[in-house]
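# Understanding the architecture of this molecule
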Amino acid sequence: MIDRLLIANRGEIAVRIARACRELGIEVVAVHSTSDRHSAVVAMADEAVHIGPPAPRRSYLHVPNIVEAALRAGADAVHPGYGFLSEDPDFAEICAAEGLTFVGPPPAVMQQMGNKATARRLMAEAGLPLLPGVVEPVRTAEEGRAIADEIGYPVIVKAAAGGGGRGMTVVRAPEDFDEAFATTRAVARAVFRDPTVYVERFLSGARHVEVQVLCDAHGNGVSLGERDCSLQRRHQKLLEEGPAGHLTPEQRTELGRLAVHGALSVGYTGAGTMEFLVDGSGAAYFMEMNARIQVEHPVTELLTGVDLVREQILVAAGRRLAFRQEDVVPRGAAIECRINAEDPTRGFAPAPGRLEVLQVPDGPWTRFDTGYRQGDTVSPDYDSLLGKLVVWAPDRDQAIRRMDRALAEMRVEGPGVHTTIALHRALLRDPDVVADRHDVQFLDRCLPAVLARAASLDDAAPGLPAARGGLQLVPTPTADPRPDRSTEGEIPCPPRPSLSTT
Amino acid sequence: MTRSATPVPPVPAPQPAGGWVSCPACGWLLYRKRLDRDLHVCPECDHHLRLSARARIDLLADAGSWTEAHFAPSTPDPLAFTDLRDYPDRLAEAERRSGESEAVVVGTARIGGAEVVLAVMDFGFLGGSMGVEVGRRVSGAAELALERSLPLVTVCASGGARMQEGVFSLLQMARVSCAFGRLREAGLLSVCVLTDPTYGGVSASFATLASVLVGERGAHVGFAGPRVVQETIRAELPRDFQTAEFLMSHGLVDRVESRAELRPLLVRLLALHGAGPVPGAPAGDGSADEGPSADRAEDADEDAEADDTDADPWDVVQRARVTERPTTLDYLHTAFDDFVELHGDRVFADDPAVVGGVAAIGGRRVVVLGHEKGHTVRERVARNFGMPHPEGYRKALRLLDHAESFGLPVVTLVDTPGAHPGPEAEERGQSHAIAEAILRSSRLRVPVVSVVTGEGGSGGALALCTSDRLLVMENAFLSVISPEGCAAILWRTAVAAPTAARAMRLGAAHLRSAGIATAVVPEPPGGAHTDPLAAAGLLRRALVRELDDVCRLDPATLLDTRARRLARISGDDGRPLQTVGS
């Protein structure tokens, strides 16, 4: 069993892991960089170790210091969280070599899943459907045409260095291929100075659906349902939800079965995510596997009632899964909005700074995971995730309303600080999003319109209209908390209660 | 010499305990397995740690393609040398420590599918020093390349000549240089990768004699080591003294590459010199290029355009000078399929106002040269506004030589206000350099196609447009002096520049009708800068057409036609010069 666990991470996920440890009775060792020395997780931990200067490569990515911290603080396990060292097979291997339990899959499996080509090959061998296409760059139009003929039209010619919808051409028929290939290469060379292109099957209206799996070291695995993360900008997820309501229950069950089968076939242990691209007909294609806890794991937690971080730690300690597939019953709908300290109007440029006001929403089935408290400073050295707002409701419509209410309650203020709050409110008002018919390209395509809507929301004052002033049935208390005795009880003339609004 | 594929012996290397290595440059702790995957480059300070010969071969050659050449064993100790230990003892220990039988390993391999002879030095064997055996193996590698008509790739790492073999070591410099000379005469490509460290008798022989010299990032390369220099002349040396970057800024190597970029570069270089498929070669009837019928239609268009678009010369001058107008590098990235820039004049400096290298266009390999102006103020200052110094023309000269050695046609893109006027340019022989460039291109045994893409300012432009075919873009001009200069001299005020431009009949139309330009390349309406990609497409089409045409001629016909073309240009319809009878 694990008695003392070192959290090799920072921010909200460090706090999240520390909470799970507390509930399990495990002592917590936090590590922190110089700029995080007063962070929330440091305050919560039994012991905190300063591991380096703010730059991640010298602190949260610096393996020798983290391992040394674990050994000196007497930790017997290490949880890497997400990002940083979470998918670094070397780190997992070094931890094992030093006698530390690594909360995650075995290093060899992590290595395989970390290499996209290897992961795709292994999953294809396990019988998972793959999106036809090649991972290797295509050099000539002839080569590309041969690949396109093999995988079938429509195909997409993609610049390797491209992104955000630039440097991509959809080809619907063989006779258009050569021209599309030449122009995409020319654009790629001119815009990105790199003419490398790939050819892939083009899916119209594709959705990003990922399945949460949990496997123990005894060959058992369960699927905990799926999440839809189609709302992403240049492959950065902004809003995640579950379940994938556009799939039939049978399709969802099948996807879960495939995911567990794929994970077990490579000897996966712990919490992991299998990512699929799903086309309009519901056909799913395996994309990649994330061998770690994910940012959006609370969506699954709210849907299933399973504490994923707790289960992750128990599985790492060698326990068998305490529940079987039939025990997992996802209920209702959940949405997560990533609240980032970014300015969407300036190309999502990081907008960090001191959080002079941080008012967190509350209320029924409303959860906010963050590593910041009011008065903390969001450092420019790390990612801009301020926190994750997650809501649950019996159905998707109610969840959207609940999320909008929670977003409206939230206040984040500080010099130079901007957030994605208004953007999320605008997204949840978009007819395509409300009707659940958006696809993975939605944000890259419609961002200007969404930003315009967000701007108009920003102009309107949040919450209740304040213009006419609050209605008062009793006199306003005076500013002085200890009013003069002589005036107490008397009703001063002007502030007379009135029901008229004039 | 016999060859066989033998299993590579494991390389014993000193390792600190725990699988961790400390970076020799910054002291950062590096996990050995990670360092292996990172090609032994420190992620913290980008220091390129030294590599054994075997690791180099694994890095550069296609997997499983290496076949080592075995040399009959020899135990040379011509001087029966003894210092603190006997020389044979030292050799035995070097062999045991490095796993190699000498300081260089030779064999054949494929790099990106192209068969090459590969000679790789191992600094771990007596500091990579060159004695008789190293000389024998390196010249053997060159002979093997000659015998099999293969490119030769060498990777150098050496402290210099081997002291223990005395003057016999010294003479190996002549032996290997002679072998590389024969390679050059045969028109075979040789590429040398200069790694840390390359000094003395190796750097002053084959290491710097290859057709293309590539320095690995941060590698120290020089003749006399910094300590020797410092102790001899007692001078303060710059921080980057003798690094690959220092060499490149002094025009002494073609490129500097990080370790990870070495193999991709070699693959491209080999392909661009005829070992491997031509990059971007059209499949079958051509993808990016229109068929001949389209070209003919274009021809007709052009002639029509050249006849009826007598643009105002001053408009032409202004359009040619627009800062957004595509430059040589822009065209190299848009109108060509691949381009590897080769820097430096191999003597003194790398002039950023002239760019050049090997490129591919429409399935043809070419050498491209051109003026480069840049776009932003910073770029334009760095590029000296496209005004070359003598070293720019000397870079052009040595690339013209390069083209001739490998039988590659030359494309030049001309866009300069003129050669740089300044005392340092005069000191280094501006006139000589321009004259040599004109002469060399007038007698080059491979075709030369020139395009005036913008300003063609005087002799500075002509140095790059002495050619078999001279194309002019619609908004480009060639001029003996800038309109401002002409106005200042003849009208006594630079304000009269528009009048001067008209008087000198600047513009494509005049060049075409005067028979100086052989064709006009159309531009998108409003000028090339309004749609750079379309302009590049039009230029590409014109170049492919002209190259197809001119590459049909054999060298003798080519030289003859070129001489006659140059002689015909006179302005009075080619009246031959006659001796006036007395």
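Residues numbered from 1 in each chain as written. Chains lettered and ligands numbered in written order. Predicted model: local features only at pLDDT ≥ 70, side-chain atom pairs only at ≥ 80, totals over all residues.

By the naming in an unreviewed UniProt entry, chain B is Multifunctional fusion protein, taken from Geodermatophilus tzadiensis. Per UniProt, chain B has the following entry under Pathway (unreviewed entry): "Lipid metabolism; malonyl-CoA biosynthesis; malonyl-CoA from acetyl-CoA: step 1/1." Recorded in UniProt under Subcellular location (unreviewed entry), the annotation for chain B is "Cytoplasm". (UniProt positions renumbered as here; feature names shortened; annotations may be inferred.)

Where an unreviewed UniProt entry is consulted, chain A appears under the name biotin carboxylase, with the organism given as Geodermatophilus tzadiensis. Under the heading Function (unreviewed entry), UniProt records this for chain A: "This protein is a component of the acetyl coenzyme A carboxylase complex; first, biotin carboxylase catalyzes the carboxylation of the carrier protein and then the transcarboxylase transfers the carboxyl group to form malonyl-CoA."

### A few points about the overall build of chain B
When helices and strands are counted, chain B shows 22 helices and 19 strands. For chain B, the proportion of its 582 residues judged to be buried stands at 49%. Counting contacts in chain B only where the partners sit at least 6 residues apart, residues at least 24 apart contribute 72% of the total. (Helix = DSSP H or I, 4+ residues; strand = E, 2+ residues; numbered from the N terminus. Buried ≥ 20, exposed ≤ 12 C-beta atoms within 10 Å, placed from the backbone. Contact = placed C-beta atoms within 7 Å.)

### A closer look at the UniProt feature "zinc finger region: C4-type" (unreviewed entry) in chain B
Residues annotated in UniProt with the feature "zinc finger region: C4-type" (unreviewed entry) correspond here to residues 23-45 of chain B. Its end C-alpha atoms 9 Å apart, residues 23-45 of chain B is made of 26% helix and 13% strand.

### Quick look at the confidence of the model for chain B
All names here are of chain B. Of all residues in chain B, 89% have pLDDT values of 70 or greater, and the mean over the chain is 88. With pLDDT under 50 throughout, residues 1-16 is counted as low confidence; its partners more than four residues away or in other chains account for 23 contacts. For the stretch residues 283-308, pLDDT sits under 50, and the model shows 31 contacts to residues farther than four places along the chain or on other chains. As scored by the predictor, the complex reaches a pTM of 0.79 and an ipTM of 0.72. (pLDDT = per-residue confidence, 0-100.)

### Description of the domain arrangement of chain A
Residues and elements named next belong to chain A. As assigned here, chain A comprises domain 1 (4-103), domain 2 (141-201) and domain 3 (207-459). Taking only C-alpha atoms, the centre of domain 1 and the centre of domain 3 are 24 Å apart. Each side of the interface is counted separately: domain 1 has 27 residues, and domain 3 has 25 residues. If one sorts the elements of the side of domain 1 that touches domain 3 by residue count, helix α1 (residues 11-24) sits on top with 9 residues. Tallied by class, residues from the side of domain 1 that touches domain 3 come to 14 nonpolar, 8 polar and 5 charged. (Domains from an automatic or database assignment. Nonpolar A, V, L, I, M, F, W, Y, C, P; charged D, E, K, R; others polar.)

### Focus: the sheet that holds strand β4 (residues 77-79) of chain A
Strands belonging to one sheet form pairs held by backbone hydrogen bonds; the direction of such a pair is parallel or antiparallel. Residue and element names in this part refer to chain A. Taking strand neighbours across the sheet as the criterion, the 5 strands line up as β3-β2-β1-β4-β5 in an open arrangement whose pairing is parallel. The open sheet has two free edges, formed respectively by β3 (47-52) and β5 (101-102), since each of these has just one partner strand. By the bridge criterion, 2 bridges tie β4 to β5 in an arrangement that is parallel. Note on β5: the bridge partner recorded for Val 78 is Phe 102. (Pairing = 2+ DSSP bridges.)

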